[in-house]
Every structure is written in C-alpha cells, then in structure tokens.
Amino acid sequence: MNAPLKNTVPLSLRVPEPRARPGDPIDFSGLVVAPAGAAPRPDINASAYAVRDLAFTLVRVLDEANVAVGPWNPKLSPAQMKRGLRTMVVTRAYDERMYRMQRQGKTSFYMKCTGEEAVASAQALALAEDDMCFPTYRQQALLIARGYPLVDMMNQIYSNAADPCKGRQLPVMYTSKAHGFFSISGNLGTQFSQAVGWAMASAYKGDSRIACAYIGEGSTAEGDFHSALTFASVYDAPVILNVVNNQWAISSFQGIAGGEESTFASRGIGYGIPALRVDGNDFLAVYAVTQWAADRARANLGPTLIEHFTYRAAPHSTSDDPGRYRPVNEADAWPLGDPVERLRDHLIASGEWSDDDHKALEKEAADLVRAAGKEAEAIGTLGQSRPSVKEMFEDVYKETPWHIRRQRQELGV
Amino acid sequence: MPAMNMIQALNSAMDVMMTRDPNVLVFGEDVGYFGGVFRATEGLQKKHGLTRCFDAPIAEGGIVAAAIGMGAYGLRPVIEIQFADYIYPGYDQIVSEAARLRYRSAGDFTAPLTLRTPYGGGIFGGQTHSQSPEALFTHVAGIKTVVPSNPYDAKGLLIAAIEDDDPVIIFEPKRLYNGPFDGWHENPVSPWAKHPDSEVPEGHYTVPLGKAKVVREGNDLTVLAYGTMVHVAQAAAVHAGVDAEVIDLRTLIPIDIETVVASVKKTGRCVIVHEATRTSGFGAELSALVQEECFYHLEAPIARVTGWDTPYPHAFEWEYFPGPQRVADAMKRVMEG
C-alpha cells in the first residue's frame, strides 16, 4: 500500500490570464495553425472517436497564397463564392452604418460582427433556406444572406413604428420565422438547447429540415451548453452545434471559459458528438464543414459540433471599449487574417474577380445600406417614431388578461 | 362515469390529447417506460409509442429548453418536472425564454408548452420534496399558473392547458394524488372514489383557465385557497363552526377576480390560505387585490394562514403545514375582528 502523497509545495490557485494586455506586445505565439489542406475529410458516418483529431486541429482550405487546397475544398462555383462575398461585404457595410448611427445618438445600442462574417455567411449558403437557425447576436449575416430586408433590420434597431419587434427588444435582437431565424435572446446560451428541441421536433415529425445553433465560446460555460450536447447526443438530434470562438467574451479571454485546457470542439467528444474545429475566417472551410454536418444531420446521423476559430475584431458592443483589456491592434495581427479579404483574394487569384470588381461591390453594398438607412430613418430613429404604446401591453399572452388590460387603462393608452 | 384518482385523471387528460393531436408529446424524467415516479404517465408510451412519451436526461433546464424549441416548431409538448423542488435549474428557460418568447418576437414565435409538476407537503418529503414555489411563477408575466384540487378539475385543466397557446405551469398537489386530504393527518386516509369530484368523464372536456369555483357557499367569511388547502379550508370551516364560503382559485394567473370580489363583498371578511412560505407568497398578492377591490366592504383585517418562512422541515411536518386547526383559528379571529 502506498503512503498518502504529501504536498511538497503549498496549494496555489490559478486564474488564467491572456498573453497580452493593453500596452503589452501582441502575442499569438501559443496559437498553432495547421496548414491548409492538411486535415482529412472523413465520411459523414464516421464516429466521434474516429474523427477526434479534427477537434484539435484546424480545418483550413485557403492557403497562404489564397488557393483552395485539400480534401475539404468544397469546390464552390464562382457564382456561389461571389454570393458569399456579397453577403459578407453587405454585412460589413451594414455594421459600419449602424455602429455610426448609434454613435450619432440615433439608437441606444449596436453590435458588430466584424471579422466573423464568414461564419454566418458561409453557413447560410451551405444550409437549406428553411433550416432553422438559433443565432446569437452576431449572426446578422444569416438574415442578410436569406434576403431579409435591411430596412426591417434597421427598423428593429430604431424601435420605430415599423419595428417588427414592436419596440420591445434591445437593438439587434431580430426575429424572423419566415427566414428561419429564431428570436434572439439576451440570455446567453439559452438558444443552444432550444435548437436541439426544435431539431428533435423535426425528427419526430419526419421532416427534412435541420436546426443550426450558435453559441459564443464564453457561453459554453453555461449549463445550457451541457444540456444541449446531452440532449443532442441522447436523441441523435439533427442539429449543427456551432461554437463561435471569437477569443473574447466582453473582456474575458477564452481561457476563462476553459479554452486553454482543451479546444471547445473537443467538448463534443465526451458526448460522442463528432466535432470539428475550423478556421472561422476561411469562408470555404466554414462552408465545407457545415455541409458535412448538414449532410450528417439529414442522413439521420445526428448532431455535429463545430468550433469556428475566429477573432472578434469589433468591440463587444457599442457599450464596450476593448482598449481597456486587450492590445489595441490585436485584431489586425490575427494570424488567420480577415475573412472578406481572404475570399476576395481567392477569387482574384482564381481570375474570377478584380480590385475594381471589389470596389464596385463595396460601393453597391454601401449604396444598398444607405438607401435602406434613408428609408428606415424616414420612418424614424429611436425616440422620433415608435409603435403605439398599446403594444407594450400586447403579446404578453395570446389574449390579454384582465389585469394587464386594466394596467393599460391605468396608463391611459 | 368512472371514478378516478387525480393521477388517473391526469393520465387520462394526456391520453385523450395524445390520441386527438399528433403534435402532443410527453417527456420528462422517468416518465417513459416506467410511467413516472407518481405513475401519471403510466401506459402512455406503450399505447402511443416510444417517441411520444419518453424519458429525459436529469436536466430540468434542458427539458424546458427542448420543449420551447418543440413549441417553436409547432408541437404541443407536455413536460413533467419530477418535483416542483427540482424546477429551479429550469427557471431561466421558463422565465427568460418560455414566458417572453411571444412578447419579444411580437408573436413570431410562441412556446405553447405545458409543464406539470407535483408540489406541496404532507408526505414527509422534507425540504426538497415538499415546496410550493408557485409565487416564483405568478410573479412572471407571460406564463399561466394552474393548481387543481380534485380529479375532475385536474383532467379538465390539463386539457385546457395543453390546448392553450401560452406556456402553462400546472402545480399538482401531490398529497391529493391518491385521495382528498383535509389536513387532519391522524385520520384514516380516504380514497377519491368516495368524493364526488372523482367522477371523471373518459373523453375530452375542459375546465377553463382563469375561472375559480365556489366549492362551499357561506355568508360569514371568504376563504381563498387552492390545491390541498381547498380541502383543509372546508374542514376548518366545519371545525370552527363558521359559515365560510370557500373559493378554489384553480388558476392563479390569470386570477378570476370577479368571483373573488363578489364573494368578499358578500361576506366582508377574507382568509387566505396556502402552503407556501408567507413573505411575498401568492397570498400577499391576493391580500392586496382584496384590499384594492373590496376595502369598503371589509369588516375585519384580511388574515393569511401559510407555511412558515423557513425551509420545509422533515420532522416538523405538521407544525409547518397550515392545517385545519390553524385555519379555524384564523377564521375565528377574523369573525371577532
């Protein structure tokens, strides 16, 4: 029998810290970037254990010369890639305008997805139009890709008389069932397990639609993440479980959610869920892994976990100042580059695109956003226009009960 | 008409609705093959199939979330939280999600789920199998809160809840599952078969949500009660020799204010009883409503008889439980006031 081990040093508490804080030199030396094309592409019926290495590497398609290489190359047509590029460029233009509008006092709050556009843009292209997405607040590109009117997005942000949410929701908390876009909640993580329930319902009904859920790496610490993976695994739900690892949860680096100990993709392995880690700034790689996951779900092979490894180039929101907790130029130094530039350069390298084409696209996007902006602002920005105050008391229940009716009368509306 | 106990009545409600509507499905901890720890779902899996009544992982937050997702899809899920004491891991999903979904999406998405959960004391369940957390839900806009007190109402209310387009929580008084209980705990247990409300139609019927019922007419005072306390209040009236009118609220939110006000204006006195802890309990809301609506008709201060503001204690069950003696004492106090 062994004697009990005695401590040789006093116990100490570890609190993870990022490699660089404001004023420090930018340090991405801990980041291991697998070469493009290196990761194998297994059959969709492979087990979680057979594909386990994919949870620790990075599936990448675009190499340093922006050439698409390896087995994950989805071989998209130039038209598809241009469509994806357009979604990203419009999304970026939209973000820039709405951020500016908030700064001008035209709304209370805004959140950009700058640097992360490839995730939702590529997924929208890889999914069927009627697959149901359960987004966080950084997948506005899903709506843009699916043709939801920009003006309606802006009306929501302005809480004006035409706001589809009737003035009840914080800006960017869109909803559109018709566009397969579930109502966004500010409660982090709750949508992840709801998506699994939706997917279970689709399977229960013998439908062909699948669910696509999103969560940030920070919110994987929530119990909802564990519930979602457990239910998805137990019931083999047709759902794609996306962890968008943009490195920062407001001011907390991904290590505070446990990212230093293992990848977020690797969480799937313990549940028997095939899990992939993908270069989230590589449009083609995101498309390819999403297609693989969607094929699995549609073939009744169940859930897939995808970690999108990206970087939140934007502040968390208009209420945030990243300069207070990370080096100011960290985003520019992100080793995986910018998703728009990478797809643009790939198209240029393929002879399908030019700088002039890109400038024209950017102008088209800016014009589109400006025109929608004028339309929305003509209805009114926050405070200038709003739905009837009666709307405050509607939709709490399907039929308004007496006590809420009476409170409405008390307010005199 | 067959005599059913409350478990059989609840089972019948789910069976009827699963037969009528393929979008109704049932899941929760141990509810599938085994039929639930209280047997409320017994036989449903065998009759309707594995995918229509099945076991869930021990994850109340996950159970509620899955039901929200299913509701958003268009199903009408009925979920069981094994004990109301276990509901707290699901609280965020209930409060922030199910209750708000219609409002925040302006009706684009809804969560028409029904959540059944056994609650209340009188079974020596200790603090984790005896709680009455209804006020944590009546405080939340967007959900309906229902508490049946007999087999007939249990079935009719559950069917109404499943057919309702809003999320509904049904707190089932587990002490009443197998027989009415008037709080005289040393008396022999009596089965539902001897009670008129155990006459339960086999088919479809509803008891409307938001409608209270006067279960005992009287002129001296009004008792507002729900669940097990409906029976305790009636026993207390006999014990006190008071001509009490006992109202079974049946639905807490939305509350049937008309029935409450009509009765209190008639009697001029009001005793509120519930098993839950007193401070910020639903009785506080009832007391405020009665005061606001009936102040000039009141001839005595409103009395509350409730569980004490302590966790539910195992060895002191009958000191904690607001039994007929305490309710009768309150009735007498109110009559003297």
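Higher on the page you've got the structure.
My aim in this report is to walk through the structure given alongside it, one point at a time.

What to know about empty space enclosed by the protein
Here comes step 1: This model, assessed by the stated rule, comprises 1 cavity of 30 Å³ or more.
Here comes step 2: Approximately 40 Å³ is the volume attributed to the largest cavity.
Here comes step 3: Lining the largest cavity are A:Val396, B:Ala98, B:Ala99, B:Arg102, B:Thr110, B:Ala111, B:Gly142, B:Asp165, B:Asp166 and B:Pro167.
Here comes step 4: Taken together, the residues that form the lining of the largest cavity break down as 5 nonpolar, 2 polar and 3 charged.

A word on the environment of A:His316
Residue and element names in this part refer to chain A.
Here comes step 1: Following the sequence through the fold, His 316 ends up in the loop between strand E7 (304–309) and helix H8 (339–349).
Here comes step 2: Residue His 316 is classed as buried on the basis of its relative accessible area of 13%.
Here comes step 3: For the pair His 316 and Leu 301, spaced 15 residues apart in the sequence, the C-alpha separation amounts to 36 Å.

What to know about the packing of helix H4 (residues 150–158) of chain A against helix H9 (residues 355–379) of chain A
Residue and element names in this part refer to chain A.
Here comes step 1: Running from amino to carboxyl end, H4 crosses H9 at an angle of 45 degrees, the nearest separation of the two axes being 9 Å. The angle between H4 and H9 places the two elements in the oblique class. The chirality of how H4 crosses H9 is right-handed. Touching Leu 150, Val 151, Met 154, Asn 155 and Tyr 158 of H4 are Leu 368, Val 369, Ala 372, Gly 373, Glu 375, Ala 376, Glu 377 and Ile 379, all from H9.
Here comes step 2: Split into classes, the residues belonging to the contact of H4 with H9 amount to 9 nonpolar, 2 polar and 2 charged.

Considering the side chain of B:Ser263
Residues and elements named next belong to chain B.
Here comes step 1: Here Ser 263 is to be found in helix H9 (residues 257–267).
Here comes step 2: Since its relative accessible area comes to 2%, Ser 263 is described here as buried.
Here comes step 3: Among residues more than four places away in sequence, those in contact with Ser 263 are Thr 222, Glu 245 and Ile 247.

Quick notes on the interface of chain B and chain A
Here comes step 1: Opposite the 49 residues of chain B that make contact, chain A presents 44 residues.
Here comes step 2: Here chain B and chain A share an interface that buries about 3700 Å² over both sides, 61% of which is from carbon and sulfur atoms.
Here comes step 3: When residues of chain B are sorted by the area they lose upon contact with chain A, B:Tyr73, B:Tyr103 and B:Arg104 head the list and together hold 22% of the total.
Here comes step 4: Taken together, chain B and chain A are joined by 2 salt bridges.
Here comes step 5: A salt bridge links B:Glu293 to A:Arg406, with the shortest nitrogen-to-oxygen separation between them at 2.5 Å.
Here comes step 6: If you look at where chain B meets chain A, you find 27 residue pairs in polar contact (both at pLDDT 80 or more).
Here comes step 7: Elements with a contribution of two residues or more to the side of chain B that touches chain A: strand E1 (24–28), strand E2 (53–55), helix H3 (60–73), helix H4 (91–98), helix H5 (101–104) and helix H10 (282–294) of chain B.
Here comes step 8: Looking at the side of chain B that touches chain A residue by residue, the classes come out as 28 nonpolar, 10 polar and 11 charged.

Focus: the pattern of salt bridges
Residues and elements named next belong to chain A.
Here comes step 1: Evaluation of the coordinates by the stated rule reveals 40 salt bridges over all chains.
Here comes step 2: The salt bridge involving Glu 391 is made with Arg 168; its shortest N-O contact spans 3.0 Å. Of this pair, Glu 391 sits in the loop between H9 and helix H10 (402–411) while Arg 168 is found in the loop between H4 and helix H5 (190–204), placing the two residues 223 residues apart along the sequence.
Here comes step 3: Arg 312 is the salt-bridge partner of Asp 320, the closest N and O atoms lying 3.5 Å from each other. Of the two residues, Asp 320 and Arg 312, neither departs from the other in class, the shared state being buried.

Scoring rules and cut-offs
- Residues numbered from 1 in each chain as written.
- Chains lettered and ligands numbered in written order.
- Predicted model: local features only at pLDDT ≥ 70, side-chain atom pairs only at ≥ 80, totals over all residues.
- Heavy atoms only, no water.
- 1 Å grid on protein atoms, 1.4 Å probe; cavity = no way out; pocket = protein on both sides within 12 Å on 5 of 7 lines; lining within 4 Å.
- Points joined across faces, edges and corners; volume = space filled by probe spheres on them.
- Nonpolar A, V, L, I, M, F, W, Y, C, P; charged D, E, K, R; others polar.
- Helix = DSSP H or I, 4+ residues; strand = E, 2+ residues; numbered from the N terminus.
- Buried < 20%, exposed > 50% of the residue type's maximum accessible area, 1.4 Å probe, protein only.
- Axes fitted to C-alpha atoms, helices over the stretch in contact; angles between N-to-C directions.
- Parallel < 35°, antiparallel > 145°, perpendicular 65-115°, else oblique.
- Left-handed = near helix turned anticlockwise from the far one by under 90°.
- Contact = heavy atoms within 4.5 Å.
- Buried area = accessible area lost by both parts, 1.4 Å probe.
- Salt bridge = Lys/Arg side-chain N within 4 Å of Asp/Glu carboxyl O.
- Polar contact = N/O pair within 3.5 Å; in protein donor to acceptor, adjacent residues only side chain to side chain.

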